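Each chain is listed here by its residues.
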Amino acid sequence: MNSSRRAILQAAAIIGFPVFILFSYNYAPITLGLGEQTVKKIDPNTPIIAQAPTKTSFQSNASISSTEKEGIIADLLNKPYKTPSDTSQKPAKTRPRLPLSAEKEQHVSQRILLIGDSETGGLIYPLNDYCVMNGHKLEAVFTWFSASILNFGYSNKVDELLETYKPTFVIFVVGLNEMYVTDLERRAEAAALFRKKLGDTPYLWVGPANFTTDKGINKVFEQSADPGCFVFSKDLEIPRGGDHRHPNTEGYKIWMDYIASYIQSNHAYPFNFLPPERTNFKLQGRVILANAAKDKGY
Amino acid sequence: MDQLLQDVHYFFYYSLKQPWFFTEYGFLLTLALFLVGYAFFTPKSQWKLGYLIAFSLFFYYKSSGPFLLLFVGVIMCDYLLARWIHSLEGSKRKALLFVSIAYGLSFLLYFKYSNFVITNVNALFDTKFSTKTLFLPIGISFYTFQSLSYLIDVYRKDIEPSKNLLEYGFYMTFFPHLVAGPIVRAKDFLPQIKNPLHFDQALLKESLLRITTGLVKKLLIADFLGKYVDLIHDAPSGFSGIEHALAMYAYSFQIYFDFSGYSDIAIGIALILGYRMKENFFNPYTAENITVFWRKWHISLSLWLRDYIYIPLGGNRKGVVNMYIFLFLTMLIGGIWHGADWKFIFWGCSHGVLLILHKLFFKPSEKTNNWTKVLGILLTFHLVGFLWIFFRATSFETAFESIQVIFTKTNPLDLIGFCYTRPEVILLLLIAAVIVFTPWKMKQNVINRVLSLPLYVWPIILLVALQLILQFRDNSIEPFIYFQF
């Protein structure tokens, strides 16, 4: 065998061997770990983070087990927050409460759909606890990282989610990525389109938990929502995570209490949403993650 | 098992959503299998060419699907036209060259520029011509330029037309450069068919290093930075000046690592097959002025524009003023080549103006010390980076918005918050900066050390690199930026 031929065969072996190992691992029914990390597979047809939910991608998401999804969310929530040395944000000493008026509403079991930007990622577990304790079902959560109202208004994601999960109540949280936006007319148009998509489904539109003074996006959202279906969160004093923007774990709990109080007491279609006596229940619904930087949806 | 069968079935089909790239692990496995067959052909065998062409066409089919037919048609016509041009003399020869160029450019103009022209005509004359939904065949800009250079070289009698369709087909379809360059010249490449490189262990290590670094550059560095850049440019009004400024740096690094990573993989694979392609990048961000930058950035395109546009226009032979005009026109065409959008035209023109200014105010003989060199490098990098904003932005408006935010809303203290928020972006920017600004000699020392490693460690290096890429990537791989051109 001449030396060129031998070298080409060596090249084939050196390139082929590692890729063959990775493909073998891909099709093997085991998943290896390295410390706290999972050794990821090539998995060409099953995304690790789910694509934004189109009809077909909902089906492909089925191949991600619920345990894996919980793992993704748990990773997200358990990430240690760095405490900045100087911050003007101080945790609230008491959780903001609105007067409860559960007696005025008969108990109805709701099928809840939570959708929104990255803020929803932190609300999943507190909301799940509320749902379990109050006899509601958290059907699904759609967390669209880096999304704005434009994504929700101009894409058809919301229509598909409503069609798939048929919720009786939608909680929509958006706006943290729009603190500085000034193209309010365009946002208002998208907000109106979003509102139209909801149709007759009762909903609560939750304004962003501002980390700075916004340029009017809260006003746009409030104007776009029906009376009794929007709650401001901009003035909440809640502890933030290391990025100074998102609430931390405690902050999300406080925020969820605030949202729940509003639903029970002030919402146009109130229902029982009492604070849970126990927390950290197993996650009920399906969690779908997407990233607007990769898939803006329109 | 079902999954395996499904994947094998899927392997033979073209998917618009998942075209084949060098970065697909499936491609790497197929390449290894292909090489096993390739090793058994004798170096100058016509069967070897046929085998390579068949694989290259399959590669193009997996990347572009039905446009394979267009590509094959273009190759056959060019082959015949070149032979026809060669057989003529005088004005007929010239006329046929123009017809051939017009024909060669027609597909590129149709697929890439027709909607741009229609939109602008509508805006200018208030007409209502409808635009078409056109899918740009991958690599059309590259193979069109390649075929034009072949026809022009034959016309100029720099080369003899290929007498063998198989050889010409091989030159055009050679898969390492097929979809995103480097733009290879027939006069450099065709002789290698008759005299392929002797492939030995030194070349094997070099090719493995090129492939591995190319994959890491593209999949680990460029794609990761790209996610941050996408985030900022998707909603520019939602971010601070610091975030926009860092996005400018991130994109400057992203486009370099993306395209040079692709070129590295292409050169590495070509080496294994016994062919040497010319370098496409040579530490471009260490250029101390804009003229040097264009000698180090996308070298194959720069040389193409020089040899087939700038010099035929007149180059520096028709006076200083004309030279500047030719330079400007050449860069304008370079800008248009990148895309059918005013922002690319503006980008090309701006580079033309910078080149003219440099030639006006700086003499080549001027001696520089180390400090002026460093200042020159920083200034050139920032000018180039600034113009990349137009290249990356989704529109002119968002480009100007981004620039406005950088100049009016930048508070250096925001950097502290940014470090808390996105430490991984900061880390990657620093790593990228170290890599791009390291002098070539130091890089060469590191490369030599890596090349001295024994061959048996290379499967481990490649395995670790590929697994690291998997660990850090999310749901999708970004297509190479230059696939769209």
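Reading the values: the criteria
Residues numbered from 1 in each chain as written. Chains lettered and ligands numbered in written order. Predicted model: local features only at pLDDT ≥ 70, side-chain atom pairs only at ≥ 80, totals over all residues. Heavy atoms only, no water. Helix = DSSP H or I, 4+ residues; strand = E, 2+ residues; numbered from the N terminus. Buried < 20%, exposed > 50% of the residue type's maximum accessible area, 1.4 Å probe, protein only. Contact = heavy atoms within 4.5 Å. Areas by Shrake-Rupley, 256 points an atom, 1.4 Å probe, with all protein chains shown as cover. Core = buried A, V, L, I, M, F, W, Y, C linked by side-chain atoms within 4.5 Å. Axes fitted to C-alpha atoms, helices over the stretch in contact; angles between N-to-C directions. Left-handed = near helix turned anticlockwise from the far one by under 90°. Nonpolar A, V, L, I, M, F, W, Y, C, P; charged D, E, K, R; others polar. Expected span 1.5 Å × (residues − 1). Polar contact = N/O pair within 3.5 Å; in protein donor to acceptor, adjacent residues only side chain to side chain. Arc of directions from axis to C-beta. Salt bridge = Lys/Arg side-chain N within 4 Å of Asp/Glu carboxyl O. Phe/Tyr/Trp six-rings, centres within 6.5 Å; stacked < 30°, edge-to-face > 60°. Lys NZ or Arg CZ within 6 Å of the ring centre and 35° of its normal. pLDDT = per-residue confidence, 0-100. Parallel < 35°, antiparallel > 145°, perpendicular 65-115°, else oblique. Pairing = 2+ DSSP bridges. Right-handed = clockwise from strand over helix to strand, strands pointing away.

Overview of the overall build of chain A
From N to C terminus, chain A includes 9 helices and 8 strands. For chain A, the proportion of its 298 residues judged to be buried stands at 53%. In chain A, the proportion of contacts linking residues at least 24 apart, taken out of those at least 6 apart, comes to 79%. When the accessible surface of chain A is summed, it comes to about 13400 Å², and 53% of that surface belongs to carbon and sulfur atoms.

Focus: the overall build of chain B
Within chain B, the regular secondary structure consists of 21 helices and 0 strands. Classification of the 485 residues of chain B by burial places 56% in the buried group. Total accessible area on chain B is roughly 21600 Å²; 70% of this is exposed by carbon and sulfur atoms.

Details of the nonpolar core
With 160 residues, the main nonpolar core has B:Phe27, B:Leu35, B:Phe175, B:Leu273 and B:Tyr285 as its most contacted residues. Among the elements that take part in this core, helix α11 (residues 241-273) of chain B stands out by supplying 21 residues, more than any other. In this structure, B:Leu35 is in contact with A:Ile8, A:Ala11, A:Ala12, A:Ile15, B:Ile272 and B:Leu273, ignoring residues within four places of it in sequence. By size, the runner-up hydrophobic cluster in this structure holds 35 residues, among which are A:Leu150, A:Leu161, A:Met179 and A:Ala225.

What to know about the packing of helix α1 (residues 3-27) of chain A against helix α2 (residues 25-38) of chain B
Between α1(A) and α2(B), the shortest axis-to-axis distance is 8 Å and the interhelical angle comes to 150 degrees. In terms of crossing hand, the pair formed by α1(A) and α2(B) is left-handed. Across the interface between the two elements, A:Ile8, A:Leu9, A:Ala11, A:Ala12, A:Ile15, A:Gly16, A:Val19, A:Phe20, A:Leu22 and A:Phe23 of α1(A) pack against B:Tyr25, B:Gly26, B:Leu28, B:Leu29, B:Leu31, B:Ala32, B:Leu35, B:Val36 and B:Tyr38 of α2(B). Classifying every residue of the contact of α1(A) with α2(B) by side-chain character gives 17 nonpolar, 2 polar and no charged.

Here we look at helix α9 (residues 249-265) of chain A
Residues and elements named next belong to chain A. The end-to-end C-alpha distance of α9, which contains 17 residues, comes to 24 Å, matching closely the 24 Å that a straight helix rising 1.5 Å per residue would cover. Counting buried residues in α9 gives 14 out of 17 residues, a clear majority hidden from the surface. Here α9 starts with a cap whose side-chain oxygen sits 3.2 Å from the backbone nitrogen of Glu 250, and that cap is Asn 248.

A short note on helix α17 (residues 396-408) of chain B
Residues and elements named next belong to chain B. Between its first and last C-alpha atoms α17 spans 18 Å; for 13 residues at 1.5 Å apiece the expected length is 18 Å, and the two agree. Considered for burial, the residues of α17 that qualify are Thr 398, Ala 399, Ser 402, Ile 403, Val 405 and Ile 406. For α17, the angular spread of the buried residues around the axis is 160 degrees, confining them to a single face. In α17, the exposed positions that point more than 90 degrees away from the buried face belong to Glu 397, Gln 404, Phe 407 and Thr 408.

Quick word on the pattern of salt bridges
Residue and element names in this part refer to chain B. Following the criterion strictly, the structure yields 19 salt bridges over all chains and no others. Between Asp 188 and Lys 278 there is a salt bridge, with its nearest N and O atoms 3.4 Å apart. Highlighted residues: Asp 188 in helix α9 (residues 186-194) and Lys 278 in the loop between α11 and α12 (290-296), separated in sequence by 90 residues. With relative accessibility at 56%, the residue Lys 278 sits in the exposed group. The salt bridge involving Arg 276 is made with Glu 206; its shortest N-O contact spans 2.9 Å. Of the two residues, Arg 276 sits in the loop between α11 and α12 while Glu 206 sits in helix α10 (residues 201-234), which places them 70 residues apart along the sequence. You can call Arg 276 partly exposed: its relative accessible area is 34%. The structure contains a network of salt bridges with shared partners spanning Arg 210, Lys 217, Asp 264 and Glu 279.

Here's the deal with the environment of B:Val425
All names here are of chain B. In this structure, Val 425 sits in helix α19 (residues 423-437). Take Val 425: its relative accessible area is 4%, and that puts it in the buried class. The spacing of Val 425 and Lys 227 is 198 residues in sequence and 9.7 Å in space, taken between C-alpha atoms.

Comments concerning the environment of B:Tyr285
All names here are of chain B. Mapped onto the elements of the fold, Tyr 285 is located in the loop between α11 and α12. The spacing of Tyr 285 and Thr 380 is 95 residues in sequence and 7.8 Å in space, taken between C-alpha atoms. The residues contacting Tyr 285, other than those within four sequence positions of it, are Ser 252, Phe 253, Ile 255, Tyr 256, Phe 293, Trp 297, Ile 377, Phe 381, Val 384, Trp 388, Val 436 and Phe 437. At a separation of 2.6 Å, a polar atom in the side chain of Tyr 285 contacts the main-chain carbonyl oxygen of Ser 252. A distance of 3.1 Å separates polar atoms of two side chains, one belonging to Tyr 285 and the other to Trp 388.

Overview of the packing of aromatic side chains
The tally for this structure, following the rule as stated, stands at 78 aromatic pairs over all chains. Between A:Phe152 and A:Phe194, the aromatic rings sit 6.4 Å apart at their centres with planes inclined by 80 degrees, giving edge-to-face as the arrangement. With A:Phe152 in helix α5 (residues 149-154) and A:Phe194 in helix α7 (residues 184-198), this residue pair connects regions lying 42 residues apart in the sequence. A:Phe152 sits in the buried class, given a relative accessible area of 0%. Positioned over the ring face of A:Phe232 is A:Lys234, at 5.3 Å from the centre of the ring. The ring centre of B:Phe344 lies 4.7 Å from the NZ or CZ of B:Lys343, which sits over that ring.

Notes on the confidence of the model for chain A
Residues and elements named next belong to chain A. Within chain A, residue pLDDT values average 75, and 77% of them lie at 70 or more. This stretch, residues 44-66, has a pLDDT under 50; its non-local contacts, to residues over four places away or in other chains, come to 54 contacts. Low pLDDT, under 50, characterises residues 72-106; the stretch is placed with 59 contacts to residues that sit more than four places away or in other chains.

Considering the packing of α11(B) against helix α16 (residues 370-392) of chain B
All names here are of chain B. The contact between α11 and α16 brings their axes to 9 Å, and the two run at 90 degrees. The pairing of α11 with α16 is recorded here as roughly perpendicular in orientation. Contact with α11, carried on its side by Met 248, Tyr 249, Tyr 251, Ser 252, Phe 253 and Ile 255, involves Phe 381, His 382, Gly 385, Phe 386, Trp 388, Ile 389, Phe 391 and Arg 392 of α16 and no other residues of that element. Considered class by class, the residues forming the contact of α11 with α16 number 10 nonpolar, 3 polar and 1 charged.

Some details on the pairing of strand β6 (residues 203-206) of chain A
All names here are of chain A. Burial of the side chains of β6 extends over both faces: Tyr 203 and Trp 205 are buried on one face and Leu 204 and Val 206 on the other. As paired strands, strand β5 (residues 169-173) and β6 are joined by 4 bridges and run parallel to one another. Each bridged residue has a counterpart across the sheet, and for Val 170 the counterpart in β6 is Tyr 203. Remark: the β5/α7/β6 crossover connection has right-handed handedness. Looking at chain direction, β6 and strand β7 (residues 230-231) are connected through 2 bridges and run parallel. Its bridge partner lying in β7, Val 206 is registered against Val 231.

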